[in-house]
Amino acid sequence: MKSILKIREIKHLTHDVLLIQTDRPDSITFQPGQAADIAINLPDWSDQLRPFTFTSLPEDDFLEFTIKTYPSHHAVTEKLLTLVAGDELIVHSVFGTIIYKGEGIFIAGGAGITPFIALFRHLEKEGSIGNNKLLFANKTSADIIQNTYFHTLLKDNFINVLSKEQLKGYESGYITTDIIRKQQAADLKYYYLCGPPNMMDAIQKSLETLGVNEKYIVHESF
């Protein structure tokens, strides 16, 4: 079953990330952290589906998607950059395996932050942020999605790792075994992972090195 969504608002969050808000039909249900296959409701685009994560909450009266764009790919996200309020998206099946199981360390790379936006918004609303930490890998500080929100929400538990920029207060390079070890704590049992496949493979190996049991790892890759 598919639904046609009219765009209410579309704007830039960063130099290459769009925030799109649409109408919310009753037929669409999801859990924080889940995504859907989406197409643009225009000729030549309606059959080109891409997975985008809901960054709104299930109880909101609108749907929101936070989408990293890749103009050089000359595909769907480049076309999204041309859309305006009143244009339409087509939402197909909802899916996703990232669900909140308990306090832990969230590890994201680039657009892999999107399921965690919804999860942290849900935890914030429930008053359950607790000691959760977020490790976020990007190339530069300009690439950090929802930087102000996460700094305000998590304070010192928001740790940024930049691969192409060295700044005071930020880790440099990539998320390594040592960086994860430095953030571990007895009450942070779970590890939530989402990012590019190569990064996730490296993180999985780091967690194995650290002796983390697979049952405490919640992951997804886009």
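Residues numbered from 1 in each chain as written. Predicted model: local features only at pLDDT ≥ 70, side-chain atom pairs only at ≥ 80, totals over all residues. Heavy atoms only, no water.

Novice: Help me out: how do you make sense of the pattern of salt bridges in this one?
Specialist: Should their charged atoms come close, side chains of opposite charge can pair. Going through the model one piece at a time under the given rule, you end up with five salt bridges. Note that Arg 8 and Asp 23 form a salt bridge whose closest N and O atoms lie 2.8 Å from each other. Of this pair, Arg 8 sits in strand S1 (residues 3-14) while Asp 23 sits in strand S2 (residues 17-23), and the two are 15 residues apart along the sequence. Looking at Arg 8, the relative accessible area reads 41%, which means it is partly exposed. Of the charged contacts, one joins Arg 121 and Glu 64 as a salt bridge, the two residues approaching to 2.7 Å between their closest N and O atoms. Of this pair, Arg 121 sits in helix H2 (residues 114-126) while Glu 64 sits in strand S5 (residues 62-68); the two residues are 57 residues apart in sequence, bridging distant segments of the chain. (Salt bridge = Lys/Arg side-chain N within 4 Å of Asp/Glu carboxyl O. Helix = DSSP H or I, 4+ residues; strand = E, 2+ residues; numbered from the N terminus. Buried < 20%, exposed > 50% of the residue type's maximum accessible area, 1.4 Å probe, protein only.)

Novice: Please explain the nonpolar core as it appears in this structure.
Specialist: Most often, soluble globular proteins have nonpolar side chains that are buried together. Within the largest apolar cluster, 25 residues are counted, with the highest numbers of intra-cluster contacts made by Ile 113, Phe 116, Phe 120, Leu 134, Phe 150 and Leu 154. Of all the elements in the fold, those that place two or more residues in this core are strand S7 (104-109), H2, strand S8 (133-138), helix H3 (147-154), strand S9 (158-162) and strand S11 (190-195). One finds Ile 7, Ile 20, Ile 40 and Val 76 within the second-largest nonpolar core, a separate group that totals 20 residues. (Core = buried A, V, L, I, M, F, W, Y, C linked by side-chain atoms within 4.5 Å.)

Novice: How do you make sense of H3 when you look at a structure like this?
Specialist: Think of an α-helix as turning once every 3.6 residues; residues three or four places apart then point the same way. Among all positions in H3, only Asn 147, Tyr 149, Phe 150, Leu 153 and Leu 154 are buried. Looking straight down H3, one finds that the buried residues subtend no more than 165° of arc, so they occupy a single side. Exposed residues lying more than 90 degrees from the buried face of H3 are Thr 148 and Thr 152. Note on H3: the residue one or two positions beyond its end, Lys 155, has a positive phi of about 55°. (Arc of directions from axis to C-beta.)

Novice: Please clarify how unusual backbone geometry should be interpreted in this entry.
Specialist: Backbone geometry follows two general trends: most residues other than glycine have a negative phi, and most peptide bonds adopt the trans configuration. The phi angle at His 74 is positive, at roughly 50°, despite the residue not being glycine. Along the chain, His 74 falls in the loop between S5 and helix H1 (76-80). The exposed category is assigned to His 74, whose relative accessible area is 58%. In the Ramachandran plot, Lys 155 falls in the positive-phi region, its phi being about 55° despite a non-glycine side chain. Residue placement: Lys 155 occurs in the loop between H3 and S9.

Novice: Would you take a moment to explain the sheet that holds strand S6 (residues 88-95) for this structure?
Specialist: By way of backbone hydrogen bonds, the strands of a sheet pair with one another, either parallel or antiparallel. Ordered by their spatial adjacency, six strands build an open sheet running S4-S3-S6-S1-S2-S5, and the pairing between neighbours is antiparallel. Each of the sheet's edge strands pairs with one partner strand only, and the pair in question is strand S4 (50-53) and S5. Adjacent strand axes in the sheet meet at a mean angle of 45° when their direction is disregarded. Across four bridges, the pairing between S1 and S6 is antiparallel. Opposite Lys 6, over in S6, you have Glu 88 as the bridge partner. (Pairing = 2+ DSSP bridges. Axes fitted to C-alpha atoms, helices over the stretch in contact; angles between N-to-C directions.)

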